[in-house]
Amino acid sequence: MAVTANTNETYDVTTIREDLQEALTSITPTETILMSTIGSKNVDNTFFEWAEVDLAATGANRQIEGDVGLSNTAPTNAVRKGGYTQISTKVVEVSSTNQSVNGVQQAQSLAKQVAYKLSELKRDMEAMLLDNVAAAAGSSGNARQTAGLPAYLTSNVSRGSGGANGTTSGSGESGFVNAAATDGTLRPLTEALLKTVIQSCWNNGAEPSIVMCGPEQKQKISTFTGNATKFQDVDAKRLTAAVDVYISDFGTVEIVPQRHMRKRTVSSVVHTPDVLVLDPSYAEVAYLQTAKQEALAKTGLSERRLISCEYGLQVTSQKAHGIVADCNAS
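Described below are features of the structure shown in this document. For clarity, every value in this text was computed on a predicted model and none was experimentally measured.

Thresholds applied
- Residues numbered from 1 in each chain as written.
- Predicted model: local features only at pLDDT ≥ 70, side-chain atom pairs only at ≥ 80, totals over all residues.
- Heavy atoms only, no water.
- Pairing = 2+ DSSP bridges.
- Helix = DSSP H or I, 4+ residues; strand = E, 2+ residues; numbered from the N terminus.
- Axes fitted to C-alpha atoms, helices over the stretch in contact; angles between N-to-C directions.
- Core = buried A, V, L, I, M, F, W, Y, C linked by side-chain atoms within 4.5 Å.
- Buried < 20%, exposed > 50% of the residue type's maximum accessible area, 1.4 Å probe, protein only.
- Contact = heavy atoms within 4.5 Å.
- 1 Å grid on protein atoms, 1.4 Å probe; cavity = no way out; pocket = protein on both sides within 12 Å on 5 of 7 lines; lining within 4 Å.
- Points joined across faces, edges and corners; volume = space filled by probe spheres on them.
- Nonpolar A, V, L, I, M, F, W, Y, C, P; charged D, E, K, R; others polar.
- Expected span 1.5 Å × (residues − 1).
- Arc of directions from axis to C-beta.
- Phe/Tyr/Trp six-rings, centres within 6.5 Å; stacked < 30°, edge-to-face > 60°.

### Observations concerning the sheet that holds strand β12 (residues 251–257)
Okay, so step 1: Pairing in this open sheet of six strands is mixed, and the strands run β5-β18-β15-β8-β12-β11 from one edge to the other. Every other strand in the sheet has two partners, leaving β5 (156–158) and β11 (245–248) as the edge strands with one partner each. Ignoring strand direction, the axes of neighbouring strands in this sheet form an average angle of 20°.
Okay, so step 2: As paired elements, strand β8 (residues 210–213) and strand β15 (residues 275–278) share three bridges and run antiparallel to each other. Following the sheet pairing, Val211 is matched in β15 by Val277.

### A few points about the nonpolar core
Okay, so step 1: In terms of nonpolar packing, the biggest core is built from 46 residues, with Met212 and Leu276 touching the most fellow members.
Okay, so step 2: A total of six residues in this core trace back to one element, the largest contributor, which is helix α4 (residues 110–129).
Okay, so step 3: For Leu276, the contacting residues outside a window of four places in its chain are Leu130, Leu149, Leu153, Ile210, Val211, Met212, Met261, Gly322 and Ile323.
Okay, so step 4: If you look at the next biggest cluster of nonpolar residues, it comprises 19 residues, including Val211, Cys213, Val253 and Val275.

### Quick look at empty space enclosed by the protein
Okay, so step 1: Taken as a whole, the largest cavity holds about 50 Å³ of empty space.
Okay, so step 2: Taken together, Asn132, Pro150, Arg159, Ala181, Thr182, Asp183, Arg262, Asp274, Ile323, Ala325 and Asp326 make up the lining of the largest cavity.
Okay, so step 3: Considering only residue class, the lining of the largest cavity consists of four nonpolar, two polar and five charged.

### Observations regarding helix α6 (residues 191–203)
Okay, so step 1: End to end, α6 covers 18 Å across 13 residues, agreeing with the expected 18 Å (1.5 Å per residue, within 8%).
Okay, so step 2: Listed in full, the buried residues belonging to α6 are Glu191, Leu194, Val197, Ile198 and Cys201. Mapping the buried residues of α6 onto a view down its axis gives an arc of 135°, with all of them on the same face. In this structure, α6 carries Ala192, Thr196 and Asn203 as exposed residues pointing more than 90 degrees from its buried face.
Okay, so step 3: Once α6 finishes, Gly205 follows within two positions and takes phi at roughly 95°, a positive value.

### Regarding the pairing of β8
Okay, so step 1: Residues Ile210 and Met212 line one face of β8 and the alternating positions Val211 and Cys213 line the opposite face, and both faces are buried.
Okay, so step 2: The sheet contact formed by β8 and β12 spans four bridges and is parallel. Pairing of Cys213 across the sheet is with Pro257, part of β12.

### Overview of the pairing of β15
Okay, so step 1: Because side chains alternate across β15, one face comprises the buried residues Val275 and Val277, and the other comprises Leu276 and Leu278, equally buried.
Okay, so step 2: In this sheet, strand β18 (residues 322–324) lies alongside β15 in antiparallel orientation, the contact comprising three bridges. For Val277, the partnering residue across the bridge sits in β18 and is Gly322.

### A look at the packing of aromatic side chains
The geometry of an aromatic ring pair is captured by the separation of the ring centres together with the interplanar angle, meaning the angle of the planes.
Okay, so step 1: With the rule as written, the count across this model stands at five aromatic pairs.
Okay, so step 2: Judged by centre distance (5.3 Å) and plane angle (75°), the ring pair of Tyr84 and Phe176 falls under edge-to-face. Here Tyr84, found in strand β3 (residues 78–84), pairs with Phe176, found in the loop between β6 (167–168) and β7 (177–179); they are 92 residues apart in sequence, far enough to count as distant.
Okay, so step 3: An angle of 40° between the planes, with centres 5.0 Å apart, marks the rings of Trp202 and Phe250 as tilted. You can see Trp202 sitting in helix α6 and its partner Phe250 sitting in the loop between β11 and β12, a full 48 residues away along the chain.
Okay, so step 4: What links up through ring pairs into an aromatic cluster is the set Phe47, Tyr84 and Phe176.

So, in structure tokens, the structure goes:
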């Protein structure tokens, strides 16, 4: 008899909390910084919506005493925005022998395999939420897709030559993201570019607190001079060369290296082009189905488990965030 492909057997190498969503949330927050930093909410449909309100710009507002001819002020209406959920899964199959043997740290057991795959699932989710992709409704035979954070951002942006913002399905900013941002020509990240985006976020009412970037851009930011002087601790034989906190004119931001930033390969060189400036209070992971495990039909001498989660990214206000896009690896 044949063995199903990818069945974890004794040759390859029980208890996990029933609340898999709690386990998902607690898995290594430093590995999934975006999901661990922004909020979460529950939704009740594969297409979920929210409202964004922009106050009118300030202006001269001086009126004549006793004036009886005052005209109506333009109404402040909400913009109706939306997104789609997507489903992510992992399937575990473990032979009954593997369940019974005394393995090293029981890594071969069903419970351990569920825990490992749950961690992998969360990493997959993090990477997709950071991808520059549009939302999609899906169809029979085609998966739904939630829009990634870079595709939402249109206000506080700095792009390379030829780069362009994504679009939405409705008028102005209303609707869902129906086209991702267009990548531009790669260029070096500079302190001036980052400062400009941080200022733009502040001008739009945000208080950004995190700059999230890939490893090359983290090292580049650590070369920024600003008004700082680097010191060498001679006694400890230690030189501090990293910039982990950047104090801008518009607030203090933490510089956070992110393992799961999207990548671009140009002429065989891999770049992590996006540097994200975030106000975490204006984004959420929207769950239609929180993480869960289900037993699949038993097949012979093995047991199968399905781990699944249905979720989407809600960027409550894209004006609260910014991006320096198209940064090269140099």
